[in-house]
2 protein chains.
Amino acid sequence: MIKCLKGNILFSETPEKLTVKANSYLVIEDGLVEGIYDNLPEKYKNCEVTDYGDKLIIPGFMDVHIHAPQWLNKGVGYSVELLPWLEKYTFPLESKFKDEDFAKKYYEAFVDELVHSGTTRACIFASRHYEATKLLINIMQKSGIGGYVGKVNMDRNSSPELQETYEDSVNETIMLAEEFSDCNKNNDLVKLILTPRFVPSTTSELMEKLGEIAEKYNLPVQSHLDENLDEVAWVKELHPDIPSFAEVYEHFGLMPKDRTIMAHCIHNNDREIEILKKHNVLIAHCPISNFNLASGIAPIRRYMNEGMDIGLGSDISGGHTMYMPDSCVAAVSASKMYHVAHNEYAPLSFSEAFYLMTKGGGKFFGKVGSFEAGYECDALVIDDTNIPKIDNMTLEERLEKYIYTGSRDNIVKIYCRGNEVK
Amino acid sequence: MIKCLKGNILFSETPEKLTVKANSYLVIEDGLVEGIYDNLPEKYKNCEVTDYGDKLIIPGFMDVHIHAPQWLNKGVGYSVELLPWLEKYTFPLESKFKDEDFAKKYYEAFVDELVHSGTTRACIFASRHYEATKLLINIMQKSGIGGYVGKVNMDRNSSPELQETYEDSVNETIMLAEEFSDCNKNNDLVKLILTPRFVPSTTSELMEKLGEIAEKYNLPVQSHLDENLDEVAWVKELHPDIPSFAEVYEHFGLMPKDRTIMAHCIHNNDREIEILKKHNVLIAHCPISNFNLASGIAPIRRYMNEGMDIGLGSDISGGHTMYMPDSCVAAVSASKMYHVAHNEYAPLSFSEAFYLMTKGGGKFFGKVGSFEAGYECDALVIDDTNIPKIDNMTLEERLEKYIYTGSRDNIVKIYCRGNEVK
């Protein structure tokens, strides 16, 4: 099936420069971008063209790190850092997801806000609860958008209400893998991901078993790495025989090559950077959360110089906003504050931050996040009529102004894999 | 005239802790807060009570640093730092305000957005144009909100289209002082403020004359100080005989005691801090602008420890949002990043940032920004129904959640000096 969208098309091929096609035709064949044309080629003359006039057509936003059960907590609790924050705010709320009615209500609200924020793919942490995680997968499957959902594994150092046993954690994870790993094989929009919370929450025994499950079912893995200095010290205490935090995941087989996301990566040492590169780990950069929890600033320019893969994460509820342009702006801000302290690392440009929010994070989902030929067509149509224009404004400037000063209300249409979502 | 508002009342008396009066009566007499009561005293039984039910009633937001003619530029141009940014983006736009039709159109839009953002008082830089500045004063006078407006003075180092002569600058400033200094004497809502752009833009001759005008008409002064290291070096080059940037203003009489605002104050040395304290200068902290232009982070905790006066500024268009809660959140974020680099300075709490946004900045306008008895009653009524609530949420948490995740659409009523604006 062939569709065609007409408008001002902007997307990233490289971080350095936006690709801009004014008043052009985006041809979509079976959900994939076939090409972009100034004039519609003869062979597509009979295709239905949706003309978006002077509006902007951009890739859907990619959120590569978000916690669905923390949705209710966004915007409160930023008076403490990571570890006390988990105890005081996060664990009590997540423990409520054992109640399926509660889970249904708030996961529906979460997915609804995700869709309306223009996020077309997300890597989502559920809670540790099996039933609620299935519910979330089902709600995501109905939503029209895609991504990965994982049941959190956590069999140590949590609150009594939330902690699970080793046996339950393994059994429930295997049950989910049996039920949903076909979604991964079939390249469904919504897939399963293994989700050990972070090293302090998972016993060695459990991490070892999860590593086996990752291999057996060919599942991707998401977790947290080097977010906070107290956390890093705690990991060292828990695993004195393993040289670094990253190597704990590596040791237990939880860093499968080309299919691992690690959130934050603020305090990584050189050795850990080499390990991330070796396994081609995608870094989920979550600048708003890193601000809120006083975690620090990730050296993103250094990672870019090293050729590493990077996407942006809202990290609800460490972050307080699911609307990814806020994280795009914060990524630029964070890089500027990093530059002030480390002059040798240049700030991110707007184009680079936009790349991270789209094609950078999109890589984890396949060929997603760009409009190059062969990419799955996730697209947002942006009506920026209510944003005041300067004379002779370029399309790049219109996009920048929308990202900085617009809101989710400017998103008037959403496509995921070529299908209309909103 | 006596009015009474009923609802959940929250405000700052000190930075440390919000004052919270659940389901209480705010009694306003002739625009001033008379008192807050659990039960309406007998003597007010016949007053009209506006019952806002479960809504929040908080002080209006105080924006102590904003450039009205830069409104159209917000959200573009953050690829460069301060000095090239002025050349490339700011001066070309400001030069258009010689055209009165252009000025009218965009100053009306600016004031409209200011009002709808919940800002009830602002310290505003106009452009250097006399007629356009009068227009802006008139538009502000009709708006129902208050603050200071200043014609910018700039007779050196600007673009040819924008730069003025010494004579024009002095004459037009005196004309405005003659026309509007009565507004200051009479404590009108909208007053005049002297506004030398910054040291590099004003010759010594002009600064000296402006110092005389400040004294003669008893006018307050606003300008910029120690925003950017290239700027600081330039000031040193221009005034090699004066030991510091701050002392240039002091030397020319442009730091009148208790009535001076200096924006940014990021790179101040110890000597300058003593000078600011001596003259009781209000620091306009503009964290979003400081992020966008990679200026650095002002050491706000240090200034608070020193007992200095501080308010928050949106600094449009260095900043990209006029909605002051964004600056409140950014002030907390900036302080956390400062804390990460300087462990001895604790981050700002939410309560402290809220204080800066209300009572801190409000001090420059008189007794404004709080609901203590005798304060001018600037109030916002916040309907947070659409913000999801956690069980047993306190009113402080509801306020924090509104500030972090709400928008200007949650503001349903605005009062300035006791009068309804919206």
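Worth saying up front: this structure is predicted, and the values here are computed from it rather than measured.

**Considering the packing of helix α12 (residues 350-362) of chain B against helix α13 (residues 395-405) of chain B**
All names here are of chain B.
Part 1: Close contact between α12 and α13 brings their axes to 11 Å; oriented N to C, the two are set at 65°. Judged by the inter-axis angle, α12 sits roughly perpendicular to α13. Once α12 is placed against α13, the crossing between them reads as left-handed. On the side of α12, the interface is formed by Phe-350, Phe-354 and Met-357, while α13 contributes Glu-396, Leu-399, Glu-400, Ile-403 and Tyr-404.
Part 2: A per-class count over the contact of α12 with α13 returns six nonpolar, no polar and two charged.

**As for the interface of chain A and chain B**
Part 1: With 35 residues of chain A at the contact, the number on the chain B side is 35 residues.
Part 2: Here chain A packs against chain B, burying approximately 2900 Å² in sum over the two surfaces, 63% of which is carbon and sulfur.
Part 3: Linking chain A with chain B are two salt bridges.
Part 4: A salt bridge links Asp-391 of chain B to Lys-96 of chain A, with the shortest nitrogen-to-oxygen separation between them at 3.8 Å.
Part 5: Counting every contact that joins chain A to chain B gives eight residue pairs in polar contact (both at pLDDT 80 or more).
Part 6: Going through the elements one at a time, α9 (287-292), α11 (324-341) and α13 (395-405) of chain A are the ones with two or more residues in the side of chain A that touches chain B.

**Description of the confidence of the model for chain A**
Part 1: The predicted model of chain A has a mean per-residue pLDDT of 97, with 100% of residues at 70 or higher.
Part 2: Prediction confidence for the complex, expressed as pTM and ipTM, is 0.97 and 0.97 respectively.

**Some thoughts on the pattern of salt bridges**
Part 1: On inspection of all chains with the given rule, the structure shows 54 salt bridges over all chains.
Part 2: A salt bridge links Glu-108 of chain B to Lys-104 of chain B; the shortest N-O distance between them is 3.1 Å. Of this pair, Glu-108 of chain B and Lys-104 of chain B both sit in helix α2 (residues 100-116), four residues apart, which is roughly one turn of the helix.
Part 3: Lys-104 of chain B gets classed as partly exposed once you look at its relative accessible area, which sits at 39%.
Part 4: A single network of salt bridges, built from pairs that share partners, joins Asp-270, Glu-274, Lys-277, Arg-302 and Glu-306 of chain A.

**Overview of the sheet that holds strand β13 (residues 282-285) of chain A**
Residue and element names in this part refer to chain A.
Part 1: The four strands are arranged β11-β12-β13-β14 in an open sheet whose pairing can be described as parallel. The open sheet has two free edges, formed respectively by β11 (221-225) and β14 (309-312), since each of these has just one partner strand. Each strand of the sheet is rotated relative to its neighbour by a mean of 30°, with strand direction disregarded.

**Here we look at helix α3 (residues 130-143) of chain B**
All names here are of chain B.
Part 1: Over its 14 residues, α3 runs 20 Å from end to end, which matches the ideal 20 Å to within 8%, given 1.5 Å per residue.
Part 2: When you tally the buried positions in α3, you get ten out of 14 residues, the bulk of the element.
Part 3: Buried within α3 are the following residues: Tyr-130, Ala-132, Thr-133, Lys-134, Leu-135, Leu-136, Ile-137, Ile-139, Met-140 and Ser-143.
Part 4: If you follow the buried residues of α3, they end up packed against α2, β6 (119-125), β7 (146-150), α4 (166-185) and β9 (190-192).
Part 5: In the segment just after α3, Gly-144 is the residue with positive phi, at about 95°.

**Considering unusual backbone geometry**
Part 1: The omega angle of the peptide bond from Ile-316 of chain A to Ser-317 of chain A is 0°, so this bond is cis rather than trans.
Part 2: Assignment of secondary structure puts Ser-317 of chain A in the loop between β14 and α11.
Part 3: Positive phi, close to 55°, is recorded for Asn-392 of chain A, a residue that is not glycine.
Part 4: Locating Asn-392 of chain A in the fold gives a position in the loop between β15 (379-382) and α13.
Part 5: Relative accessible area serves as the criterion here: at 76%, Asn-392 of chain A is assigned to the exposed category.
Part 6: One non-glycine residue with positive phi stands out, namely His-264 of chain B, at about 85°.
Part 7: Taking relative accessible area as the criterion, His-264 of chain B reaches 0% and is therefore assigned buried.

Rules of the game
Residues numbered from 1 in each chain as written. Chains lettered and ligands numbered in written order. Predicted model: local features only at pLDDT ≥ 70, side-chain atom pairs only at ≥ 80, totals over all residues. Heavy atoms only, no water. Axes fitted to C-alpha atoms, helices over the stretch in contact; angles between N-to-C directions. Helix = DSSP H or I, 4+ residues; strand = E, 2+ residues; numbered from the N terminus. Parallel < 35°, antiparallel > 145°, perpendicular 65-115°, else oblique. Left-handed = near helix turned anticlockwise from the far one by under 90°. Contact = heavy atoms within 4.5 Å. Nonpolar A, V, L, I, M, F, W, Y, C, P; charged D, E, K, R; others polar. Buried area = accessible area lost by both parts, 1.4 Å probe. Salt bridge = Lys/Arg side-chain N within 4 Å of Asp/Glu carboxyl O. Polar contact = N/O pair within 3.5 Å; in protein donor to acceptor, adjacent residues only side chain to side chain. pLDDT = per-residue confidence, 0-100. Buried < 20%, exposed > 50% of the residue type's maximum accessible area, 1.4 Å probe, protein only. Pairing = 2+ DSSP bridges. Expected span 1.5 Å × (residues − 1).

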